Amino acid sequence: QVQLVESGGGLVQAGGSLRLSCAASGFRFSLRTMEWYRQAPGKQRELVARITVVGYANYADSVKGRFTISRDNIRSTMYLQMNTLKPGDTDVYYCSVFFGGSTYWGQGTQVTVSS
């Protein structure tokens, strides 16, 4: 079955960096567009970044120039390098894939940025 496992979240001071990972299994990772989302309590989940099978990336305006999405098709793992973090980036971050007519989500990893 499809499984997505995020890791790498934590507490960091404003201006710091974190690198999130999403380990995928249960589908042909190299053939799927992958996405990172984030969600704060009481708010809608928002798309942070997307990477296509050929590595084309796009980003939410709020993270452009600070976040970089990448993928390793050999390891079936997606990454999100987050630099110059701001308190407004505090959220639970989820990876996601659309496969077989359904959207799958990981369990999420908490990112907290202190001012």
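Throughout what follows, the structure given in this document is the object of discussion. (Residues numbered from 1 in each chain as written. Predicted model: local features only at pLDDT ≥ 70, side-chain atom pairs only at ≥ 80, totals over all residues. Heavy atoms only, no water.)

One recurring pattern in soluble globular proteins is that nonpolar side chains are buried together. Of all hydrophobic cores here, the largest spans 27 residues; its most connected members are Met34, Trp36, Met78, Leu80 and Met82. Put simply, the parts of the chain that give this core at least two residues each are strand E3 (18–25), strand E4 (34–39), strand E5 (46–51), strand E7 (67–72), strand E8 (77–82), strand E9 (91–99) and strand E11 (109–114). With 4 residues, the single largest contributor to this core is E3. Every residue in contact with Met82, bar those within four places of it in the chain, is listed here: Gly16, Ser17, Leu18, Leu20, Arg66, Phe67, Tyr93 and Val111. (Core = buried A, V, L, I, M, F, W, Y, C linked by side-chain atoms within 4.5 Å. Buried < 20%, exposed > 50% of the residue type's maximum accessible area, 1.4 Å probe, protein only. Helix = DSSP H or I, 4+ residues; strand = E, 2+ residues; numbered from the N terminus. Contact = heavy atoms within 4.5 Å.)

What follows covers the side chain of Arg38. Looking at the element boundaries, Arg38 is found in strand E4. A polar contact is formed between the side chain of Arg38 and the side chain of Glu46, at a distance of 2.7 Å. At 2.9 Å, the side chain of Arg38 forms a polar contact with the side chain of Asp89. The residues contacting Arg38, other than those within four sequence positions of it, are Gln44, Arg45, Glu46, Val48, Ser62, Val63, Phe67, Asp89, Asp91, Val92 and Tyr93. (Polar contact = N/O pair within 3.5 Å; in protein donor to acceptor, adjacent residues only side chain to side chain.)

Let us now look at the sheet that holds E8. The antiparallel open sheet is built from 4 strands, whose spatial order is E1-E3-E8-E7. In this open sheet, the two strands that pair with only one neighbour each are strand E1 (3–7) and E7. Taken over all neighbouring pairs, the strand axes of this sheet differ in orientation by 15° on average, direction set aside. Here E3 pairs with E8 via 6 bridges, running antiparallel. Counterpart to Ala23 in the pairing with E8 is Thr77. (Pairing = 2+ DSSP bridges. Axes fitted to C-alpha atoms, helices over the stretch in contact; angles between N-to-C directions.)

Evaluated as defined, the whole model comprises 1 disulfide. With its sulfur 2.1 Å from that of its partner, Cys22 forms a disulfide with Cys95. Taking the torsion about the S-S bond as the criterion, the Cys22 to Cys95 disulfide, at about 65°, is right-handed. Of this pair, Cys22 sits in strand E3 while Cys95 sits in strand E9; the two residues are 73 residues apart in sequence, bridging distant segments of the chain. Assessed through its relative accessible area of 0%, Cys22 is described here as buried. (Disulfide = S-S within 2.5 Å.)

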